[in-house]
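In case you want the letters, here they are:
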Amino acid sequence: MSTISPTNGGVNRATIEAKCRIRIPGRYTVSRVMHPILLLLASLAGSWGVEVPQPRDVSQEGHSYMPDVSRQVNGKQWIAWKRAIPNQGQSSIQVAQTVNGEPEPAITVYQTKDDLINPEIEVGNNEAIHLVWVESTREGWDLFSATVRRGETKQKQRLTQDGESFRPKLRGQDGVLWLTWQSRREGNLNIYARQYKEGKWKNAVRLSHNRSANRAPDID
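Residues numbered from 1 in each chain as written. Predicted model: local features only at pLDDT ≥ 70, side-chain atom pairs only at ≥ 80, totals over all residues. Heavy atoms only, no water.

1. What about the confidence of the model for the protein?
Working step 1: Looking at the protein as a whole, its pLDDT mean stands at 78, while 72% of the residues score no less than 70.
Working step 2: Per-residue pLDDT stays below 50 along residues 1-35; that stretch engages in 55 contacts with residues further than four places along the chain or on separate chains. (pLDDT = per-residue confidence, 0-100. Contact = heavy atoms within 4.5 Å.)

Rendered as structure tokens:
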């Protein structure tokens, strides 16, 4: 744990960069290019005397993108992200479990020669892990889902067939999941949702009904 202290009523940018440095395995060290929001939060933390924990690298060799974090259950959380290894032509979804904030080694739960993006993760009954992601298909980009139990991936299922589905968001509680996403159907972008209950995905429901471009849904 390290404390970022304010300097002259603000925060020393060099100190933040040194303490918040992020290592992406095998390629870059990101320090001088920082999001303004991170600087603002660090400044507030310093002025309030809040301790800022050092980031931990839970990824593996290759390029790691697009992380998502599940809700906490019994002191455990799960992190999912996309992993790509240069020159191998493969994309995979990695999952790491944390217990009381301590990360365990990541495992590969899905791998494909096609491209995939935006993995979403949520935990269900008996600590079953549910994943939804966007994958390249002949039609374009569609949503897929899978369930992981005891490290084994089961029940991969294609959820859309339109080739224009993006920005999934997955949330759940007590074994019931809600998925929302944007999809281009009938000539414009609209928001859709599906419910997962009793081991099955229900039919999709259209949530927006206008001629505007409806994008980037979220759910809580």
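Additional details are given in the paragraphs that follow.
2. Observations concerning the layout of surface pockets
Working step 1: Considering only enclosed or pocket space, the second largest pocket measures out at about 280 Å³ in volume.
Working step 2: Trp78, Glu127, Ile129, Arg150 and Gly151 are the residues nearest the centre of the second largest pocket, which is lined by 16 residues in total.
Working step 3: Secondary structure elements with two or more residues in the lining of the second largest pocket: strand S9 (90-99), strand S11 (107-112) and strand S14 (140-149).
Working step 4: For the lining of the second largest pocket, the leading source of residues is S9, giving three residues.
Working step 5: Per-class residue counts for the lining of the second largest pocket are nine nonpolar, three polar and four charged. (1 Å grid on protein atoms, 1.4 Å probe; cavity = no way out; pocket = protein on both sides within 12 Å on 5 of 7 lines; lining within 4 Å. Points joined across faces, edges and corners; volume = space filled by probe spheres on them. Helix = DSSP H or I, 4+ residues; strand = E, 2+ residues; numbered from the N terminus. Nonpolar A, V, L, I, M, F, W, Y, C, P; charged D, E, K, R; others polar.)

3. Topic: the pairing of strand S8 (residues 76-85)
Working step 1: Across the 10 residues of S8, seven count as buried, placing the element largely inside the fold.
Working step 2: Sheet topology note: the strand S7 (residues 63-69)/S8 ladder contains five bridges and is antiparallel. Along S8, the bridge assignment pairs tyrosine 65 with lysine 82.
Working step 3: With antiparallel pairing between neighbouring strands as the criterion, S7 and S8 make up a hairpin whose turn holds six residues, including asparagine 74 at a positive phi of roughly 55 degrees.
Working step 4: Relative to S9, S8 runs antiparallel, the two sharing 10 bridges. What sits directly across from alanine 84, in S9, is serine 91. (Buried < 20%, exposed > 50% of the residue type's maximum accessible area, 1.4 Å probe, protein only. Pairing = 2+ DSSP bridges.)

4. A short note on the packing of aromatic side chains
Working step 1: As enumerated under the stated definition, the model contains five aromatic pairs in all.
Working step 2: Each ring, one from tyrosine 110 and one from tryptophan 133, has its centre 4.7 Å from the other, and the planes form 35 degrees; the classification is tilted. One end of the pair, tyrosine 110, is in strand S11; the other, tryptophan 133, is in strand S13 (residues 129-137), and 23 residues separate them in sequence. Each member of the pair, tyrosine 110 together with tryptophan 133, is buried. (Phe/Tyr/Trp six-rings, centres within 6.5 Å; stacked < 30°, edge-to-face > 60°.)

5. Re the sheet that holds strand S15 (residues 152-158)
Pairing between sheet strands relies on hydrogen bonds along the backbone, with the strands arranged either parallel or antiparallel.
Working step 1: One open sheet accounts for four strands, arranged S12-S13-S14-S15; its pairing is antiparallel. Looking along the sheet, the strands with just one partner apiece sit at the ends: strand S12 (116-123) and S15. Within the sheet, the average angular offset between the axes of one strand and its neighbour, ignoring direction, is 25 degrees. (Axes fitted to C-alpha atoms, helices over the stretch in contact; angles between N-to-C directions.)

6. Observations regarding the nonpolar core
Working step 1: Of all hydrophobic cores here, the largest spans 16 residues; its most connected members are Ile93, Val95, Ile121, Ile129, Leu131 and Trp133.
Working step 2: Judged by nonpolar contacts, the second largest core, of 12 residues, contains Ile117, Val132, Leu170 and Leu177. (Core = buried A, V, L, I, M, F, W, Y, C linked by side-chain atoms within 4.5 Å.)

7. Side note on the pattern of salt bridges
Working step 1: Enumeration according to the criterion identifies eight salt bridges in this entry.
Working step 2: Two residues, aspartate 218 and arginine 171, come together in a salt bridge whose shortest N-O distance is 3.9 Å. Placement of the pair is aspartate 218 in the segment after strand S20 (205-206) and arginine 171 in strand S16 (residues 165-173), with a sequence separation of 47 residues.
Working step 3: For aspartate 218, a relative accessible area of 56% translates into the label exposed.
Working step 4: Residues joined in a network through salt bridges with shared partners are Glu120, Lys169, Arg171 and Asp218. (Salt bridge = Lys/Arg side-chain N within 4 Å of Asp/Glu carboxyl O.)

8. Details of the side chain of serine 70
Working step 1: Checked against the element boundaries, serine 70 lands in the loop between S7 and S8.
Working step 2: On the basis of relative accessible area, serine 70 is assigned to the buried category, the value being 4%.
Working step 3: Apart from residues no more than four positions distant in its own chain, serine 70 is found in contact with Gln77, Trp78, Ile121, Glu122 and Val123.

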